[in-house]
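# Structure assessment
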Amino acid sequence: MAAAPGAPGLAPTWSSSAKEMVGCALGSSRLWFTIGGGIVNEVYYPRVDLPQIRDLGFIVADGAGFWVEVKRLWQHSVELAAPGAPAVRIVHRHERFELALRVVPCEHRDVLLIEVTLSGDESLRPYALLAPHLGGSGLNNTAAVANHRGHKLLWAEQGPFGLALAAVDTEQRSAWGRASAGCTGSSDLWQDFAHHGALTWEYDSAGPGNVALGGELPRQAVLALGFGGSAEAAATLALTALAEPFERSWERQLTAWTQWHGRCAEQDLCAGLPEECAGQVRLSTMVLRVHQDKTYPGALVASLSVPWGNTHDEREGYHLVWPRDLVETSGALLAVGAVREAHNTLRYLLATQHEDGHWNQNQWLGGRAHWTGLQLDETAFPVLLAVALDERGALHGTRIADMIGRALSFLARHGPASDQDRWEEDAGLNTFTLAVCISALIAGARYLPADGRDLALALADYWNARLEDWTVAYDTPLARLYGVPGYYVRIAPTQALTDDRLMPDTVLPIRNLEQDPQLPAAAQVGVDFLQLVRFGLRRADDAVVTASVKIADALLKVDTPAGPAWHRYNDDGYGEHDDGRAYDGTGRGRAWPLLTGERGHYELCRGQDALPYLTAMARMASAGGMIPEQVWDAAPLAARGLSPGRPTGAAMPLVWAHAEYLKLAASRQLQRAFDRPVDVWKRYRGERPTLTHVIWCPHAPASQLPEGCALSIALPEAGAVRYGFDGWQEVRETDTTPNSLGVHVVGIDTPRVHAGRSIDLTYRLGGSWAGRDFRIGVTPRPRPAG
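Notes on the structure in this doc start here.

Counting buried positions along strand 14 (residues 179-183) yields five of five residues, so the element is predominantly enclosed. Residue alternation in strand 14 divides its side chains into two sets, A179, A181 and C183 and S180 and G182, and both sets are buried. The pairing of strand 14 with strand 16 (residues 211-216) spans five bridges and is antiparallel. Residue pairing for strand 16: A179 is matched across the bridge by G215.

What follows covers the sheet that holds strand 24 (residues 710-715). Taking strand neighbours across the sheet as the criterion, the four strands line up as 22-24-28-27 in an open arrangement whose pairing is mixed. Across the chains shown, the open sheet's two edge strands, defined by having one partner strand only, are strand 22 (693-696) and strand 27 (737-738). As paired strands, strand 24 and strand 28 (residues 744-748) are joined by five bridges and run antiparallel to one another. When the sheet's bridge partners are listed, I713 is paired in strand 28 with V746. Contacts between helix 12 (residues 450-471) and the sheet are confined to strand 22, strand 27 and strand 28, with strand 22 contributing the most and set at about 100 degrees to the helix.

So, on to the nonpolar core. Counting residues in each nonpolar core, the largest one holds 206 residues, and the members touching the most others are L113, I404, L408, Y462, Y487, W696 and L711. If you tally residues by element for this core, the top one is helix 12, at eleven residues. Ignoring sequence-local partners within four residues, the contact set of L408 consists of V383, A440, L441, G444, A445, L448 and L741.

This brings us to helix 15 (residues 543-556). Between its first and last C-alpha, helix 15 extends 20 Å over 14 residues, near the 20 Å set by a 1.5 Å rise per residue. Two to three positions downstream of the cap, the backbone nitrogen of V544 sits 2.9 Å from a side-chain oxygen, assigning the N-cap of helix 15 to D542.

Let us now look at the side chain of S667. Structurally, the position occupied by S667 is in helix 18 (residues 655-670). Excluding its chain neighbours within four sequence positions, the residues that come into contact with S667 are H601, L604, R672, A673 and F674.

Within the structure shown, the criterion is met by 20 aromatic pairs. On the basis of an interplanar angle of 80 degrees and a centroid distance of 4.8 Å, the ring pair of Y574 and Y583 is categorised as edge-to-face. For the pair Y574 and Y583, a shared accessibility class is recorded, and that class is buried. Members of the aromatic cluster, each reached through a chain of ring pairs, are W67, Y127, W190 and F193. For R676, the ring lying beneath its charged end belongs to W681, and the centroid distance is 4.1 Å. Above the face of the W769 ring, R764 is positioned so that its terminal group lies 5.7 Å from the ring centre.

When its volume is computed, the second largest pocket comes out at roughly 710 Å³. In terms of lining residues, the second largest pocket is bounded by 31 residues, among which Y318, W322, W371, E424 and Y574 are the most central.

Now for the sheet that holds strand 6 (residues 76-82). Read across the open sheet, the nine strands follow the order 6-7-8-9-17-13-12-11-15; overall the sheet is antiparallel. Both edges of this open sheet fall to strand 6 and strand 15 (205-209), since each of them pairs with a single strand only. Averaged over all adjacent pairs, the angle separating strand axes in this sheet is 20 degrees, with direction ignored. This element, helix 4 (residues 246-263), spans strand 6, strand 7 (85-94), strand 8 (97-105), strand 9 (111-120) and strand 17 (220-228) of the sheet and lies at about 130 degrees to strand 7.

Before going further, it helps to examine the packing of helix 16 (residues 593-605) against helix 17 (residues 611-620). Here helix 16 crosses helix 17 at 170 degrees, and the two axes come no closer than 9 Å. The pairing of helix 16 with helix 17 is recorded here as roughly antiparallel in orientation. Residues P593, T596, G597, R599, G600 and E603 of helix 16 form the contact with helix 17, whose participating residues are Y613, A616, M617 and M620. Grouping the constituent residues of the contact of helix 16 with helix 17 by class yields five nonpolar, three polar and two charged.

Here the focus is the pattern of salt bridges. According to the stated counting rule, one finds 58 salt bridges in the structure shown. Ionic pairing is found between E391 and R446, a salt bridge with its closest N-O pair at 3.2 Å. Of this pair, E391 sits in helix 9 (residues 376-391) while R446 sits in the loop between helix 11 (431-444) and helix 12, placing them 55 residues apart in sequence. Taking the relative accessible area as the measure of exposure, E391 reaches 37% and is therefore partly exposed. In this structure R446 comes out as partly exposed when scored by relative accessible area, which is 40%. Across the pair R480 and D475 runs a salt bridge, and its minimum N-O distance is 3.1 Å. The residues R480 and D475 share a single accessibility class, namely exposed.

What counts and what doesn't
Residues numbered from 1 in each chain as written. Predicted model: local features only at pLDDT ≥ 70, side-chain atom pairs only at ≥ 80, totals over all residues. Heavy atoms only, no water. Buried < 20%, exposed > 50% of the residue type's maximum accessible area, 1.4 Å probe, protein only. Helix = DSSP H or I, 4+ residues; strand = E, 2+ residues; numbered from the N terminus. Pairing = 2+ DSSP bridges. Contact = heavy atoms within 4.5 Å. Axes fitted to C-alpha atoms, helices over the stretch in contact; angles between N-to-C directions. Core = buried A, V, L, I, M, F, W, Y, C linked by side-chain atoms within 4.5 Å. Expected span 1.5 Å × (residues − 1). Polar contact = N/O pair within 3.5 Å; in protein donor to acceptor, adjacent residues only side chain to side chain. Phe/Tyr/Trp six-rings, centres within 6.5 Å; stacked < 30°, edge-to-face > 60°. Lys NZ or Arg CZ within 6 Å of the ring centre and 35° of its normal. 1 Å grid on protein atoms, 1.4 Å probe; cavity = no way out; pocket = protein on both sides within 12 Å on 5 of 7 lines; lining within 4 Å. Points joined across faces, edges and corners; volume = space filled by probe spheres on them. Parallel < 35°, antiparallel > 145°, perpendicular 65-115°, else oblique. Nonpolar A, V, L, I, M, F, W, Y, C, P; charged D, E, K, R; others polar. Salt bridge = Lys/Arg side-chain N within 4 Å of Asp/Glu carboxyl O.

Spelled out as structure tokens, the structure:
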């Protein structure tokens, strides 16, 4: 027949929801793929960062009007061939048949293999349905049923991308029967069955546009889905993979993964855990390794999913590298003994650090920036990974001093306020970001020359001592409502650096709501402050911490049938709407299993058992063991497939959540946070330091100096500082001294400057003066910390 008719821009009729999309994430040395609804959803070609198909599913039909699309049955089981090994067996059950699928990637080729076995009613036959998504989009794809060198194939192309779906029977003979290419939504195979109850259309080609392929198979067959730079190249790979028994690839996969797990130590984490938690440890370890890139070793995408991906045509989704997620995941790899993989991540980070010391907000696997925001914790986290590897003797000759020096210099020249918090939304002072940055300054200081080391430690102490001044709101309506003196806010405005009295009333935007409620900073709370305890900057029983926990539980905690979970912050809009509609730029924030793990770490620091939190996270996972970004936290919506404590349409799996699970299991064994930096604990042991040294910077100008404190002026380049006292009396001008931390410093003699006096200053960078004066008021000596 001729080319298929239809409207090529329509979305695939059988597109699955995001929560189906990743029921189980698998991979090999070459391919990533995801399983959901009992079918193959997305497959990722290793040379690009994008999914290359939307899904590959099956219909069972008798050719006389009876037909079933098996993924819509939801009567299937999914099991791994061995614990933690990404070779999966799926069985769909119906009163008339049983369709068994075994799915495994080919070890040495860009090919996915699927063994198909249909049993039951002899009148039935299986049909495969494939939705190409080449180049990460359903647009401009072309599809054809081809006769290639004597083999019947289904293939597709789009630009430099090609795929081919080959099939053989038990004798390795070409197995495709009748087949068709169509335009999705009008002339595809699903529409054929919907209109006629059988395969009646046999179109040779379709597109360019949003296309689909499908065809009839024998009751026993093996499919090979190959990818290449053209359809012909993909066909060569697919046919080569089919030239040996399926069982050989299956066994190779099991052997390779069993050996890898044997070199790791996740079994040690399973000791003393109930089986549901031990099983989740094994699955989470697998998920982390699966998400490692095959072309850029050490890189990991945040998830093999697109949040709410069935509602829009989005290329990137979470198929990107976030340095924060990357280091959090690498820490979990260390926890399970996968030191080589964590070391590869460090090498990847060394290769993608910018000259000025920072990393991209997120990036494609090859290092090209995607979003260009600045998050200071993403500059600090790589320092902590490098130090953690060094402490384990696992650098293997990799030099880290230059990377650490540049990263800490960037923190000094831009902190403590960040353009974005870890949720990528608002600028200001955030306790999670501060905890990570302070820890990086302390942990990385020993890799700097003496002058830089001293300044890095002084800067960390200064930020740590001032942290509550900047981020705690006192005597607010919220504090009075819950009977606490004060609490950590979600984000304090940057202006708090110069006048902390402005913090409570400054409105901070909430960007994912249809209408911003214009809440002041003091009315917004999150759970980010728990990182202060986890990293050893504050005690679990610190008065402000416990007060903040009380308010966070009142406003953010949700008790689900699976266990407790928390929202990111109050009035968050990142999640499904109240009626279950997908997030579309606005919505209502839902509960995050990741935050259950973070709370488990806090409870562990408080002397409690973390097991209830491990159990809750495991029970929030999908049937395939994938921990989602969010779980539903309202009344069930059966029509939307939303149940309390179960995955929503947000990202699944969230690799960061799986990493958190593994680190919590490791922390439970150690009875302390696994990722607590050694030098941070040695320096602070959970105590807020006394303020002894104020470091004034043009981007973070202090307005107060406690009596008796040292004062340093740190400029981003060489220059001079002119200063005087009490209205520009006793004026002096001093050239800056370069410091190996990447700033230029002047120390001002302050021991004889008593409370009530003031210091006036301005500065010159190169040949240009700042054009304004600054004043620092000297305040009474601070009370001892405690």
